[in-house]
Amino acid sequence: MGEGGFAAVFRVRDQTLGQDVAVKVLDLGLTPSPGLAERFVREARTSARLEHPHIVPIYKVGGYKNEVLYIVMRCLDGPSLRQLLDKQHRLSLRDAARIARQVADALGHAHLHGIVHRDVKPDNILLDSAGHVLVTDFGIAKAAQEATVSQLTTEGMVVGTPHYMSPEQATGEDVDARSDIYSLGVVLYQMLAGVPPFDGDSAQSILMKQATATPVPIRDHRTEIPPLLAGVVDRALAKDPGERFQTAEELSRALVDALPTAAQDSVRMRSRVLARALQGLVGLGVVGALVLVGLAVLSRAPRISARAPIPDSLAQPLRRQGALTPGDAALYVFSPRGADDTTLLLVARRSVAVVTPHRVRAYHRDSVQVRYGADLRGGLAFRLVLALPRARRDTVFRHLSFRDVYELATRLGKLIGEN
Ligand SMILES: Nc1ncnc2c1ncn2[C@@H]1O[C@H](COP(=O)(O)OP(=O)(O)O)[C@@H](O)[C@H]1O
Ligand SMILES: [Mg+2]
């Protein structure tokens, strides 16, 4: 699902629960002391005890030979705030205040339990499919920093993103809960202004500005920001921890005082799946979103669409036709017009096959990518094309409805690479 400085996050299907979990794997490589790995696991276990509606729950923490450590946690389906900002640049005042307030509540809870986050940044602020905010990676930054620093010969190397570091972090001093409040101030500034308060060519120059420079007043970026909200940003970004909000709870309350709608949880965002389907189509410059919504309502739903476990009545004929090789299992089948249709798409564990009455065209699953196209002749219709190695293509369906494409985008996107 993503990669950070020292870890990668995978989406994993938990067979017993029948649901996806996120597994964060940290490769400490040549960690010199087993003590360090132990400390790391201990930090992770401490944060695993945090239970709060705005903190990503951790299900399990473990390690392998002190080299590979993993954290199993709830898998969030929404975008991260980083992805939201990449797409929207800046957010509505309402959404910005709501997100900041929920993060403040999460931090407040952790601080009460003696845990400082130390790496509050948009990548660690995740949204679920209902638009609720959950914060992840509590306290892990510290252990990671120790792990990394101990492997380096050069001193004074910083782990983390300089854009979100407090002045005391930037200068290597001790940090407490108020450092998280500063970092959240940076995130809030960026959500409102579209840019973080400080930027520069090097980490060093950004850190220098965190410690000494005054940010451009937030209302210079956006005049409609109410003075009260601007005041919250300024106070969170005070250089001296003593001049900031002293607790995250105080910050949370100030946000609601400035903008009462901040008390609500739900953040507006486009569904990722729909967004992807739209991207695929609108990217072709064919139709606008309104037309698509109309089509979604009007067009017929596909007739055959089955996910694993595929019914035997379907799997057996596919086996007989040689579409499903022995030992392989079908994950998904699709045919827009059911029995009337002549073509069926099959995605199996190892292969992707296009089944027609005359022939089965099968490809290695990893070598296939999905493309969509559109055709206006004789009414709007969509195509599904498989892109194959060496610029070869296989047009699977020529007359798909929008519903078909939506269905394919939601199911197929997870099984085959899209481009
Ligand atoms: N529980 C989760 N559910 C869904 N996505 C996640 C989860 N945890 C992390 N991610 C995604 O994986 C990416 C990599 O995470 P991480 O290794 O912590 O690096 P960073 O936070 O620096 O981006 C994140 O940016 C986020 O988009
Ligand atoms: Mg992270």
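Residues numbered from 1 in each chain as written. Chains lettered and ligands numbered in written order. Predicted model: local features only at pLDDT ≥ 70, side-chain atom pairs only at ≥ 80, totals over all residues.

Student: Which residues make up the site of ligand 1, and what values do they have?
Tutor: In the region of ligand 1, 21 residues are neighbours, and Gly2, Gly4, Val9, Ala22 and Asp123 sit closest. Of all elements in the fold, only β1 (2–3), β2 (7–14), β3 (19–27) and β5 (68–74) reach the threshold of two or more residues within the shell around ligand 1. (Near = placed C-beta within 6 Å. Helix = DSSP H or I, 4+ residues; strand = E, 2+ residues; numbered from the N terminus.)

Student: Any chance you could break down unusual backbone geometry for me, citing the residues and the numbers?
Tutor: Of note, Arg118 is a non-glycine position whose phi angle comes to about 75°, a positive value. With respect to the helices, strands and loops of the structure, Arg118 is situated in the loop between α3 (93–112) and β6 (125–127). What makes Arg118 buried here is the crowd of 23 C-beta atoms within 10 Å. Residues other than glycine seldom take positive phi values, yet Ala391 does so here, at roughly 60°. Residue placement: Ala391 occurs in the loop between β14 (381–387) and β15 (393–400). (Buried ≥ 20, exposed ≤ 12 C-beta atoms within 10 Å, placed from the backbone.)

Student: An account of the environment of Ile125 is needed here, citing residue identities and associated values.
Tutor: Positionally, Ile125 belongs in strand β6. The spacing of Ile125 and Ile55 is 70 residues in sequence and 9.3 Å in space, taken between C-alpha atoms. Not counting chain neighbours up to four residues away, the residues in contact with Ile125 comprise Ser80, Leu81, Ile99, Val103, Val133 and Val135. (Contact = placed C-beta atoms within 7 Å.)

Student: Would you mind going over the nonpolar core in detail, with residue names and values included?
Tutor: Ranked by internal contacts, the top residues of the largest apolar core, which has 71 residues, are Ile99, Ala100, Val103, Leu184, Leu188, Ala236 and Leu255. Formed by 32 residues, the second largest nonpolar core is a distinct cluster that contains Leu331, Leu345, Val347 and Ile416. (Core = buried A, V, L, I, M, F, W, Y, C linked by C-beta atoms within 7 Å.)

Student: Lay out the confidence of the model for the protein in plain terms, naming residues and giving numbers.
Tutor: Any segment with low pLDDT has predicted coordinates that should not be analysed in fine detail. Averaged over every residue, the pLDDT of the protein is 83; residues scoring 70 or more account for 82%. In the model, residues 151–157 has pLDDT below 50 throughout and makes 3 contacts with residues more than four positions away in sequence or in other chains. (pLDDT = per-residue confidence, 0-100.)

Student: Tell me what's going on with the packing of α3 against helix α6 (residues 177–193), and back it up with residues and numbers.
Tutor: Between α3 and α6, the shortest axis-to-axis distance is 10 Å and the interhelical angle comes to 170°. Overall, the two elements α3 and α6 adopt an arrangement that is roughly antiparallel. For the element pair α3 and α6, the recorded crossing hand is right-handed. For the pair formed by α3 and α6, the contact residues are Leu93, Ala96, Ile99, Ala100, Val103, Ala104, Leu107 and His111 on the first element and Ala177, Asp180, Leu184, Val187, Leu188, Met191 and Leu192 on the second. (Axes fitted to C-alpha atoms, helices over the stretch in contact; angles between N-to-C directions. Parallel < 35°, antiparallel > 145°, perpendicular 65-115°, else oblique. Left-handed = near helix turned anticlockwise from the far one by under 90°.)

Student: Outline the sheet that holds strand β8 (residues 304–307), supporting the account with residue identities and numerical values.
Tutor: The sheet built from 5 strands is open, its strands ordered β8-β9-β10-β11-β12 with antiparallel pairing. Single-partner strands in this sheet number two, and they are β8 and β12 (360–364). Between one strand axis and the next, the sheet turns through 15° on average, direction left out of account. The pairing of strand β10 (residues 344–348) with strand β11 (residues 351–355) spans 4 bridges and is classified as antiparallel. Bridge pairing in β11 links Leu345 to Val354. Against the sheet, helix α13 (residues 312–320) contacts β8, β9 (330–335), β10 and β11, and its axis sits at roughly 90° relative to β9. Most of the contacts of helix α14 (residues 402–415) go to β9, to which it runs at about 155°, and overall it touches β8, β9 and β10. (Pairing = 2+ DSSP bridges.)

Student: Account for the packing of α3 against helix α10 (residues 248–258), with residues named and values stated.
Tutor: Taken N-terminus to C-terminus, the directions of α3 and α10 make an angle of 160°; their axes are 8 Å apart at the nearest point. Relative to α10, α3 is oriented roughly antiparallel. Relative to α10, α3 is oriented so that their crossing is left-handed. Here Ala97, Ala100, Arg101, Ala104, Asp105, Leu107, Gly108 and His111 of α3 lie close against α10, whose contacting residues are Ala248, Glu249, Leu251, Ser252, Leu255 and Val256.

Student: Give a description of the sheet that holds β5 that names residues and reports values.
Tutor: The antiparallel open sheet is built from 5 strands, whose spatial order is β1-β2-β3-β5-β4. At either margin of the open sheet sits one strand with a lone partner, and together these are β1 and β4 (58–64).

Student: Can you break down helix α9 (residues 227–236) residue by residue, with the values?
Tutor: Regarding α9, the residues found buried are Leu229, Val232, Val233 and Ala236. Across the axial projection of α9, the buried residues extend over an arc of 95°, all falling on one side. Relative to its buried face, α9 has exposed residues pointing more than 90 degrees away, namely Pro227 and Leu228. The inward-facing, buried residues of α9 abut α3, α6, α8 (218–221) and α10. (Arc of directions from axis to C-beta.)

Student: Quick one: what's the story with α6, residue by residue and with numbers?
Tutor: In a regular helix each residue adds 1.5 Å, so 17 residues correspond to 24 Å; α6 covers 25 Å between its end C-alpha atoms and thus fits that length. Just downstream of α6, Gly194 is the residue with a positive phi angle, here 90°. (Expected span 1.5 Å × (residues − 1).)

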